[in-house]
Amino acid sequence: MGHFALTIILLLMIALIAACYKIYKMKALLDSYRSGFDISELKRAKKIVESSEKRYKNIFSVMPEGVILYGADHKKIALNENAYKMFNMDSKTFHEKLNILEPIFPFVDTEGNPLALEDYPVAITFKTGESIIGRVIGIKGTGKTRWISINTKLLEPMDSADVPQVLVTMTDITKQKETEINLRESNALLRTIIDSIPIGIIVINTDRKIVTLNQPCHELFRVEEPIKGLIGQSADKYYLPFYKYCEEEREKVKRILANNMPVVDEVEMLNNQLIQRSYFPFYMDEELKGHLWVFEDITERKAMERGILRAKEDAVKANMAKSAFLANMSHELRTPLNAILGFSQLLEIQETLNEKESTFVREILKGGRHLLNLINEVLDLSRIESGILKLSVESIKIASVIDECINLVRPAADLKGITITKKVESENEYVCADQVRLRQILLNLLDNAIKYNRENGEIIISSVNEGDFLTVHVRDKGLGIPPEAQEEIFEPFYRLENPFIEGTGIGLSLVKQLTILMGGKLGVESQIGVGSDFWMSLPRDQTNEADHPVSLEKIEMPLPEHKEYKILYIEDQLSNQLLVAEILKNVQGMKLLTARSGMEGLRAAANQKIDLILLDLHLPDMNGEEVFEKLKSNPQCTDIPVIALSANAMKEDIDRIIKMGFKEYITKPFDVPAFIKVIVKKLR
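Here is what the cut-offs are and how they apply
Residues numbered from 1 in each chain as written. Predicted model: local features only at pLDDT ≥ 70, side-chain atom pairs only at ≥ 80, totals over all residues. Heavy atoms only, no water. Buried < 20%, exposed > 50% of the residue type's maximum accessible area, 1.4 Å probe, protein only. Helix = DSSP H or I, 4+ residues; strand = E, 2+ residues; numbered from the N terminus. Pairing = 2+ DSSP bridges. Contact = heavy atoms within 4.5 Å. Axes fitted to C-alpha atoms, helices over the stretch in contact; angles between N-to-C directions. Parallel < 35°, antiparallel > 145°, perpendicular 65-115°, else oblique. Left-handed = near helix turned anticlockwise from the far one by under 90°. Nonpolar A, V, L, I, M, F, W, Y, C, P; charged D, E, K, R; others polar. Core = buried A, V, L, I, M, F, W, Y, C linked by side-chain atoms within 4.5 Å. Phe/Tyr/Trp six-rings, centres within 6.5 Å; stacked < 30°, edge-to-face > 60°. Lys NZ or Arg CZ within 6 Å of the ring centre and 35° of its normal.

**Here we look at the pairing of strand β14 (residues 430–434)**
For a regular strand, side-chain orientation follows a simple rule: the groups alternate between the two sheet faces.
Here is step 1 of the chain: Burial within β14 is extensive, with four of its five residues counted as buried.
Here is step 2 of the chain: Note that strand β12 (residues 393–397) and β14 share five bridges and pair antiparallel. Across the sheet, residue V393 finds its bridge partner in β14, namely D434.

**Brief notes about the side chain of N453**
Here is step 1 of the chain: Take N453: it is sitting in the loop between α14 (435–451) and β15 (458–466).
Here is step 2 of the chain: When residues no more than four places from it in sequence are discounted, the contact partners of N453 are K416, I418, E458, I459, D476, K477 and G478.

**With respect to the sheet that holds strand β9 (residues 263–268)**
Here is step 1 of the chain: The strand order across the open sheet formed by five strands is β8-β7-β11-β10-β9, and the pairing between neighbours is antiparallel. The open sheet is flanked by β8 (210–213) and β9, the only strands paired with a single partner. Each adjacent strand pair in this sheet contributes to an overall mean axis angle of 25 degrees, direction not counted.
Here is step 2 of the chain: Pairing geometry for strand β10 (residues 274–284) and strand β11 (residues 287–297), over ten bridges, is antiparallel. Residue F280 lies in a different strand from β11, and its bridge partner there is L292.
Here is step 3 of the chain: Contacts from helix α10 (residues 246–259) reach β9, β10 and β11, with the element oriented near 30 degrees to β10.

**Digging into the packing of helix α17 (residues 598–607) against helix α18 (residues 624–633)**
Here is step 1 of the chain: At a minimum axis distance of 10 Å, the contact between α17 and α18 shows a crossing angle of 25 degrees. Taken together, the axes of α17 and α18 are roughly parallel relative to one another. For the crossing formed where α17 meets α18, the hand is right-handed. Between α17 and α18, the contacting residues are G598, L602 and A605 on the first element and V627, K630 and L631 on the second.
Here is step 2 of the chain: Class assignment for the residues of the contact of α17 with α18 results in four nonpolar, one polar and one charged.

**Some points on the packing of α18 against helix α19 (residues 651–660)**
Here is step 1 of the chain: At a minimum axis separation of 11 Å, α18 and α19 run at an interaxial angle of 10 degrees. What the angle tells us is that α18 and α19 run roughly parallel. Each of E625, F628 and E629 in α18 lies in contact with α19, whose residues at this interface are R656, I657 and M660.
Here is step 2 of the chain: Across the contact of α18 with α19, the residue classes break down as three nonpolar, no polar and three charged.

**Let's talk about the nonpolar core**
Here is step 1 of the chain: Counting 38 residues, the largest nonpolar core has L438 and L442 as the members making the most contacts within it.
Here is step 2 of the chain: When residues of this core are traced back to their parent elements, those giving at least two are α13 (398–415), β14, α14, β15, β16 (469–476), α15 (507–517), β17 (521–527) and β18 (531–539).
Here is step 3 of the chain: If sequence neighbours within four positions are ignored, L438 has contacts with I396, I398, V401, V431, A433, M518, M536 and L538.
Here is step 4 of the chain: Counting residues in hydrophobic clusters, the runner-up holds 25 residues, among them F87, L101, Y120 and L154.

**Points about unusual backbone geometry**
Here is step 1 of the chain: Located in the positive-phi region is N272, a residue other than glycine, with phi close to 70 degrees.
Here is step 2 of the chain: Its location among the elements puts N272 in the loop between β9 and β10.
Here is step 3 of the chain: Since its relative accessible area comes to 49%, N272 is described here as partly exposed.

**A look at the packing of aromatic side chains**
Here is step 1 of the chain: Per the stated rule, a full pass over the model turns up nine aromatic pairs.
Here is step 2 of the chain: Between F107 and Y120, the aromatic rings sit 5.0 Å apart at their centres with planes inclined by 85 degrees, giving edge-to-face as the arrangement. A residue pair is termed long-range when its members are at least 10 positions apart, and F107 in strand β3 (residues 107–108) and Y120 in the loop between β3 and α5 (121–128) qualify at 13 residues. In this pair, the class of F107 matches that of Y120, namely buried.
Here is step 3 of the chain: Here Y279 and W293 contribute two aromatic rings whose centre-to-centre distance is 4.9 Å and whose plane-to-plane angle is 45 degrees, an arrangement assigned as tilted. Of this pair, Y279 sits in strand β10 while W293 sits in strand β11, and the two are 14 residues apart along the sequence. There is no split in this pair, since Y279 and W293 are both buried.
Here is step 4 of the chain: Taken together, F221, Y243, Y279, W293 and F295 form an aromatic cluster joined through their ring pairs.
Here is step 5 of the chain: Over the ring of F490 we find K512, and its NZ or CZ is 5.0 Å from the ring centre.

Just distances and angles here, no functional claims.
Have a look at this one:
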């Protein structure tokens with residue numbers, strides 16, 4: 001409420017009080033007259049006085065303020081009921097105990113500190129005669145303070161029998177004061193939060209004067225003047241000079257403010273700091289009220305990003321180098337293995353070998369196949385780590401895969417006298433998995449169960465329906481695995497200490513990675529001296545409950561008699577040529593032609609009536625892909641089917657070759673029966 005309005009109210013109250021005082025005096029005079037006279041005029045005057053008194057009391061009663069008259073003799077008159085409420089007293093207590101000039105009266109200032117007697121508003125007015133308007137003080141009560149806005153006015157005595165009085169009006173502003181306190185606390189909290197944010201914030205008005213800014217902004221632009229001194233100052237002179245390209249940024253800021261659209265950009269400082277600057281216009285009721293600027297030091301973040309980018313580029317280069325190395329090593333190792341395993345397989349079927357020679361051949365095959373498995377596992381593990389191993393997930397009948405794997409490992413189990421028992425809950429359970437990888441996992445687990453089992457031991461392979469998953473258990477009666485090693489055995493190249501058992505330490509790591517890629521889980525439970533239980537859980541295919549017919553590959557029929565098929569083998573390695581020649585020598589109806597370079601092969605294909613071409617991809621004069629393209633561009637050769645033979649087993653390379661139009665891709669070293677089967681299939 002304004003001072004002028006308060007003054008008017010005080011004057012009106014004084015007039016009311018003066019009128020009441022006159023009424024009081026007149027009433028007393030009438031009472032004195034009554035004792036001696038009974039005059040009708042006096043009765044009429046009394047009636048007027050009583051009517052006026054009632055009217056003034058009604059006026060005071062509807063006023064929201066509490067109004068009292070406080071005399072210098074400490075006598076007080078409450079002019080309305082609100083006077084009692086201000087002090088939280090009833091009428092009796094008010095008149096008997098209230099003394100607002102006591103030094104211990106519970107008045108407090110706006111900060112909550114006790115008010116000194118000389119600072120009491122009534123005391124000041126009695127002492128100086130000055131009126132007080134809108135003074136805020138608190139009356140401290142039990143558990144709560146009542147806040148009042150108090151006005152005082154000195155009333156001089158109207159005759160010698162009277163004493164000075166102070167007219168006191170009080171307005172309860174507790175709610176406003178509490179709102180003010182809450183707002184102040186909220187602002188303090190907001191200031192603390194804003195100052196604790198590690199980014200600079202500055203708000204300017206439409207005149208580009210500073211409204212507020214936080215401590216980080218103050219520090220970022222290294223301003224020496226205190227924050228309070230910056231309020232109302234022009235913002236440009238404080239932060240623009242710190243930009244490396246000051247004039248360019250000044251124009252850019254003008255454009256940003258002219259557009260009034262949010263903007264995020266980066267600016268360079270004089271000290272080479274890099275700052276991310278964000279601008280947001282501030283609107284209220286669709287009217288532009290100001291501008292918010294946010295500044296964040298991103299120097300370290302940008303340096304880290306550059307470091308991460310360099311590290312990523314280095315990692316990509318390293319990964320490419322690793323892939324190239326693995327591809328090269330795979331090719332270099334598979335090439336001699338092709339001859340070792342190929343000729344060993346041919347020797348194995350010879351009936352002229354004695355027992356000792358047959359044993360030697362079997363050992364050669366065993367060692368060669370072990371080395372081949374090691375190469376394949378290293379490549380698979382590398383593909384998984386690089387995220388390039390592709391799976392073909394489909395619905396697989398688990399019982400069929402288990403039967404297939406048992407048949408493959410049974411010869412090895414028989415050599416140790418180990419029995420393999422299958423126990424499945426249902427023959428018609430299906431899982432979602434990659435068939436090749438599922439077979440690889442089960443063969444690995446069965447192979448380990450045989451290697452680490454006792455002589456004449458037992459293996460039980462079972463499957464259990466567990467709702468959304470099907471769990472396959474491979475239990476053995478072997479030596480068991482120590483508890484401390486049951487997690488480590490799934491790490492690459494970790495092996496249990498046993499000098500009598502061969503292994504690379506890659507298999508279980510690969511098995512676990514493949515299981516996870518197919519959405520499953522793998523674990524082991526083992527007890528020393530009792531055996532181990534390796535289990536694998538895979539998602540069930542619950543939509544495939546019927547017994548699907550087993551998809552068997554057709555057995556290829558022999559080639560037609562009385563026809564000779566010419567096969568051209570383009571290969572620079574003489575040992576590989578001799579191996580294929582020896583393999584096909586015993587197959588009826590096939591004639592092998594060879595070429596040791598790409599150009600020689602192209603001439604042979606153009607001049608001879610060739611039925612099938614076997615093409616090595618690494619030739620001395622050109623690579624196999626170039627040879628293939630030249631063959632397909634020659635009308636005489638375009639219809640000849642071409643099979644790629646290569647020691648490169650990287651899947652991405654195999655997929656690329658097949659997409660080019662090659663009819664098949666055979667990886668060296670190859671299985672002899674499978675090799676013959678593919679050739680017969682393509683010729684037919």
